[in-house]
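Each chain, letter by letter, is given below.
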Amino acid sequence: MALRSEDVVVTGLGATTPLGGDVATFWDGLLEGRSGVAAITDDWAEPLSVRIAARMAVDPTEILSRVQARRLDRAEQAAIVASREAWADAGFTGRSDENGLDPVRVAVVIGTGIGGVTSLLTQYDLMKAGGPGKVSPLLIPMNMPNGPAAYVGLEIGARAGVHTTVSACASGAEAVAHGLDLIQLGRADVVLVGGTEACIHPLNIAGFAQMRAMSTRNDEPERASRPFDKGRDGFVLGEGAGALVLERASSAQARGRTPYAVLAGAGITSDSYDIVKPDPEGNGQRRAALSALERSGLAASDVVHVNAHATSTPTGDGAEAKWIGELLGEQTVVSATKSMTGHLLGAAGAIEAVATVLSVKHDIVPPTINLDDPDDDLRVDVPDKAREMTVPAALNDSFGFGGHNVALLFRKA
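All figures in this text were calculated on a predicted structure; none of them were measured in a lab.

Thresholds, definitions, all that
Per-chain numbering applies: the sequence of each chain, read as written, is numbered from 1 onward. Predicted model: local features are reported for residues with pLDDT of at least 70 only, side-chain atom pairs are reported and counted for 80 or more only, and whole-chain, interface and lining totals are derived from all residues. With hydrogens and water excluded, all non-hydrogen atoms of the structure serve as input to the side-chain values. Any two strands between which DSSP finds at least two bridges are classified as paired. Only DSSP runs of H or I reaching four residues or more are called helices, and only runs of E reaching two or more are called strands; each is numbered from the N terminus. Whether two residues touch is decided by their heavy atoms; if any such pair falls within 4.5 Å, the residues are in contact. Simply put, an axis is a line fit to the C-alpha atoms, just over the touching stretch for a helix, and the angle between two N-to-C directions goes from 0 to 180 degrees. Within this document, salt bridges are pairs made up of a side-chain nitrogen of Lys or Arg and a carboxyl oxygen of Asp or Glu, the two lying within 4 Å of each other. Throughout this description, buried means an accessible area under 20% of the type-specific maximum (1.4 Å probe, protein chains only), exposed means over 50%, and partly exposed covers the range between. Buriedness for pockets is judged along seven lines, at least five of which must meet protein on both sides within 12 Å for an open set on the 1 Å grid over protein atoms alone, while cavities are sets there where a 1.4 Å probe fits but cannot get out, and lining residues have an atom within 4 Å of a point. Grid points are joined across faces, edges and corners, and a volume is the space filled by probe spheres set on the points. Each residue gets one label: Ala, Val, Leu, Ile, Met, Phe, Trp, Tyr, Cys and Pro are nonpolar, Asp, Glu, Lys and Arg are charged, and the others, such as Gly, are polar. Put simply, buried Ala, Val, Leu, Ile, Met, Phe, Trp, Tyr and Cys residues joined by side-chain atoms within 4.5 Å make one nonpolar core. Only a pair of cysteine sulfur atoms within 2.5 Å counts as a disulfide in this structure description. Any Phe, Tyr or Trp ring, taking Trp's six-membered ring, that has another such ring centre within 6.5 Å forms a pair; planes under 30 degrees apart are called stacked, those over 60 apart edge-to-face, and the others tilted. In this scheme, a helix's expected span is set at 1.5 Å multiplied by one less than its residue total. Left-handed describes a crossing whose near helix is turned anticlockwise from the far helix through less than a right angle; right-handed describes the clockwise counterpart.

Draft legend 1. Quick peek at the sheet that holds strand β9 (residues 305–307). Read across the open sheet, the ten strands follow the order β5-β4-β6-β7-β1-β8-β14-β13-β9-β10; overall the sheet is mixed. Each edge of the sheet is formed by a strand with only one pairing partner; in this case those strands are β5 (162–163) and β10 (333–335). Pairing of strand β13 (residues 393–400) with strand β14 (residues 404–411), which is carried by eight bridges, proceeds in the antiparallel orientation. Bridge pairing in β14 links Ser-398 to Val-406. Taken strand by strand, helix α3 (residues 74–89) contacts β1 (8–16), β4 (106–111), β6 (190–197) and β7 (240–248), and its axis lies near 135° from that of β1. Docked against the sheet, helix α10 (residues 283–296) engages β8 (261–270), β13 and β14, running at close to 145° with respect to β8.

Draft legend 2. Structural detail: the pattern of salt bridges. According to the stated counting rule, one finds 25 salt bridges in the structure shown. Of the charged contacts in the structure, one is a salt bridge between Asp-189 and Arg-248, with a shortest N-O distance of 3.0 Å. Within this pair, whereas Asp-189 is found in the loop between α7 (171–184) and β6, its partner Arg-248 is found in strand β7, the two being separated by 59 residues in sequence. The exposure class assigned to Arg-248 is partly exposed, which follows from its relative accessible area of 22%. Note that Arg-226 and Asp-372 form a salt bridge whose closest N and O atoms lie 2.8 Å from each other. With a gap of 146 residues between them, Arg-226 in the loop between α8 (202–210) and β7 and Asp-372 in the loop between β11 (364–365) and β12 (387–388) connect regions that are remote in the sequence. Arg-226 gets classed as buried once you look at its relative accessible area, which sits at 3%. Residues joined by salt bridges that share partners form a network here, namely Arg-217, Glu-220, Arg-223, Arg-226, Asp-229 and Asp-372.

Draft legend 3. Main features of the pairing of β13. Burial analysis of β13 places eight of its eight residues in the buried class, the great majority of the element. Of the two faces of β13, the one lined by Ala-393, Leu-395, Asp-397 and Phe-399 and the one lined by Ala-394, Asn-396, Ser-398 and Gly-400 are each fully buried. Where β9 meets β13, three bridges bridge the pair, whose relative direction is parallel. Bridging from a neighbouring strand, Asn-307 pairs with Asn-396 of β13. Where β13 folds back onto β14 in an antiparallel hairpin, the turn is made up of three residues, including Gly-402, whose phi is positive at roughly 100°.

Draft legend 4. How the structure looks around the layout of surface pockets. Roughly 760 Å³ of volume is contained in the largest pocket. Looking at the largest pocket, it is lined by 37 residues, and the ones nearest its centre are Val-276, Lys-277, Pro-278, Thr-313 and Phe-401. Elements that contribute at least two residues to the lining of the largest pocket include exactly α11 (316–328), β13 and β14. Residue contributions to the lining of the largest pocket peak at four residues, all from α11. Its residues placed into classes, the lining of the largest pocket shows 16 nonpolar, 13 polar and eight charged. As a volume, the second largest pocket reaches approximately 250 Å³. Lining the second largest pocket are 13 residues, and of these Ala-69, Arg-70, Leu-72, Gln-77 and Met-142 sit closest to its centre. If you list the elements that add at least two residues to the lining of the second largest pocket, you get α2 (66–70), α3 and α4 (117–130).

Draft legend 5. Spatial organisation of the nonpolar core. In terms of nonpolar packing, the biggest core is built from 49 residues, with Leu-13, Leu-244 and Leu-408 touching the most fellow members. Of all the elements, helix α13 (residues 348–362) adds the most residues to this core, at eight residues. Setting aside anything within four residues of it in sequence, one finds Leu-244 in contact with Val-10, Gly-12, Leu-13, Ala-86, Val-176, Val-191, Leu-192, Val-193, Ala-350, Ala-353, Val-354 and Val-357.

Draft legend 6. Region of interest: the state of the cysteines. Scanning the model with the defined rule gives zero disulfides in all. Here Cys-169 stays unpaired: no disulfide links it, and the sulfur of Cys-199, its closest cysteine neighbor, is 9.1 Å away.

Draft legend 7. Highlighting the packing of aromatic side chains. This model, assessed by the stated rule, comprises two aromatic pairs. Look at Trp-87 and Phe-92: their rings are 4.4 Å apart centre to centre, the planes differ by 35°, and that puts the pair in the tilted class. Accessibility expressed as a relative area gives 2% for Phe-92, which makes it buried. Arranged with centres 5.2 Å apart and planes meeting at 80°, the rings of Phe-208 and Phe-235 form a pair that is edge-to-face. On the criterion of sequence distance, the pair formed by Phe-208 in helix α8 and Phe-235 in the loop between α8 and β7 is long-range, its members being 27 residues apart. Considered together, Phe-208 and Phe-235 belong to a single accessibility category, that of buried residues.

Draft legend 8. Region of the structure containing unusual backbone geometry. Unlike most non-glycine residues, Asp-363 shows phi in positive territory, near 55°. Relative to the helices and strands, Asp-363 resides in the loop between α13 and β11.

Draft legend 9. Geometry of α4. The first and last C-alpha atoms of α4 sit 20 Å apart over 14 residues, in line with the 20 Å expected at 1.5 Å per residue. Buried within α4 we find Val-117, Thr-118, Ser-119, Leu-121 and Gln-123. Of the surrounding secondary structure, the elements contacted by the buried residues of α4 are α5 (139–143) and α8. Downstream of α4 by a residue or two, Gly-131 has a phi angle that is positive, lying close to 95°.

Draft legend 10. Just the packing of α10 against α11, in detail. Across the interface, α10 lies against α11 with an axial gap of 10 Å and an inter-helix angle of 35°. Remark: the crossing between α10 and α11 carries right-handed chirality. Along the contact surface, α10 presents Gln-285, Arg-286, Ala-289, Leu-290 and Leu-293, while α11 presents Glu-320, Trp-323, Glu-326, Leu-327 and Leu-328. Here the contact of α10 with α11 is composed, by residue class, of six nonpolar, one polar and three charged.

Structure representation (structure tokens):
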């Protein structure tokens, strides 16, 4: 399909992940099949049943100024790092009005599943130990779920709105979908979208562990996240952020920018089934993918690759693989990149959107590691090594507690 002036394209990418502090190292890590999961060596982890996580490979405090870092929650820090990279990658420097953009036509959408919870818990501990006077006056902006979007908006001078999607593990993907809507509805010309999360804290880990949602493979951290494998026993908590710059193809062409890919469609649905369990038939997930296909004008046969949500939980992976095979065909090549990054919750959909865009751009798909003993009923193609192949269009899907389902469809520009 030829590129049309009204197409919404991706012109900038940014990421800070357990595999690397920028897009290049993140992408190289995926293609190498490298795990970002490691043992938690902090003293506070000792009594926990889960003592593994996937922390950011590069601490944001090493990139931001000391003054700025101290004013931000870790999720806000990650969002700033990824957004700066995406903004620069799209050819922008500084605030929007310094780049010939009308600030009232520039928007930001950054999703997060939990927000600044680590700052809240840390400040609560300080208050218990030393009284209310020990609480930082910056606690509230550090704790606000809309803080990452707001701070990114301040950095780039966005006045068409700064929005926050909060839909658990679908938050980052929903932010991308919302950015597409803002442009197609004529409410913005340029939108910086993404997701961020940084909640590796004993209380959060204990809560997920009590649900039996997390892997307890503490003696083999790098092998703990194993989507579609019979031995999977839960997800591994990760942290980081991903960001993309969206604009119309006509805008990119006028600026002399070559797009990475076209964001051809997006679908958002809900299961209305259970607060944490996915619909075992995957009906809502399938409807999200169908919606994205319908908006894109593509046929199911055009989609040859899926970057799957696949979190390594016993119940979720099988249902997802089943509908992918039924809708797109058993020949569909599926990557489960959480096998390497762990599960970044509200940032997962954003970093996986970055990976999907790069697969479309470079005609190569990442592997799924730790797939030693695949499910007997796995009926899609899940390579254990990076595979070079023509990728005219690819789907990225994300799901979250509460029954949230989001599908993003990218095609070649």
